[in-house]
Amino acid sequence: MCILKQIGTYLIWIVLSLFMAFGYMRIILGPKPKPSTGLMIMFDWVYGVAILHVGAIIGSIIALLYILIDIFYLKKKLKNNSKRTIIRLFIVTVITFIVGITHYICEKVIDII
């Protein structure tokens, strides 16, 4: 039963990581553009695909990094701490900022992506 509880907890953190990544992609891409007219109407789906595709990849990276940090470091340090959920939320936010900054640098500054 303890393993199922742990898996459920990690699933919640994974969903939170994905939402944070989708939020990051929304900030990067800006608001959804107005619908096109004429022949360009076939490209209206690109915005949604970009948010879902890149957001899912970035969210998976955030979730993987968080789970590794939690398994190898946070479990031991936060065993008897009453604010462990807040600290874990802060850690996920910090990881999101680090991954977002790295993505931005690789895409805009270095032009690798």
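Everything here concerns the structure above.
Residues numbered from 1 in each chain as written. Predicted model: local features only at pLDDT ≥ 70, side-chain atom pairs only at ≥ 80, totals over all residues. Heavy atoms only, no water.

Visitor: What should I look at first to understand the overall build of the protein chain in this one?
Guide: Of regular secondary structure, the protein chain possesses 3 helices and 0 strands. Helices and strands appear in the protein chain in the N-to-C order α-α-α. Here the C-alpha atoms of the protein chain give a radius of gyration of 18 Å, more than 25% beyond the 13 Å that 2.2 N^0.38 yields for 113 residues. Its C-alpha atoms give the protein chain principal-axis dimensions of about 60 × 35 × 20 Å. As displayed, the protein chain offers around 8400 Å² of accessible surface, 75% of which is attributable to carbon and sulfur atoms. (Helix = DSSP H or I, 4+ residues; strand = E, 2+ residues; numbered from the N terminus. Rg over C-alpha atoms; globule rule 2.2 N^0.38 Å. Areas by Shrake-Rupley, 256 points an atom, 1.4 Å probe, with all protein chains shown as cover.)

Visitor: What's the story with the pattern of salt bridges in this structure? I'm lost.
Guide: Side-chain pairs of opposite charge can arise whenever the charged atoms involved come near each other. Tallied over the entire structure, the rule returns 1 salt bridge. One salt bridge in this structure joins aspartate 70 and arginine 88, with 2.9 Å as the shortest N-O distance. With a gap of 18 residues between them, aspartate 70 in helix α2 (residues 46-77) and arginine 88 in helix α3 (residues 84-109) connect regions that are remote in the sequence. For the pair aspartate 70 and arginine 88, one class covers both residues: buried. (Salt bridge = Lys/Arg side-chain N within 4 Å of Asp/Glu carboxyl O. Buried < 20%, exposed > 50% of the residue type's maximum accessible area, 1.4 Å probe, protein only.)

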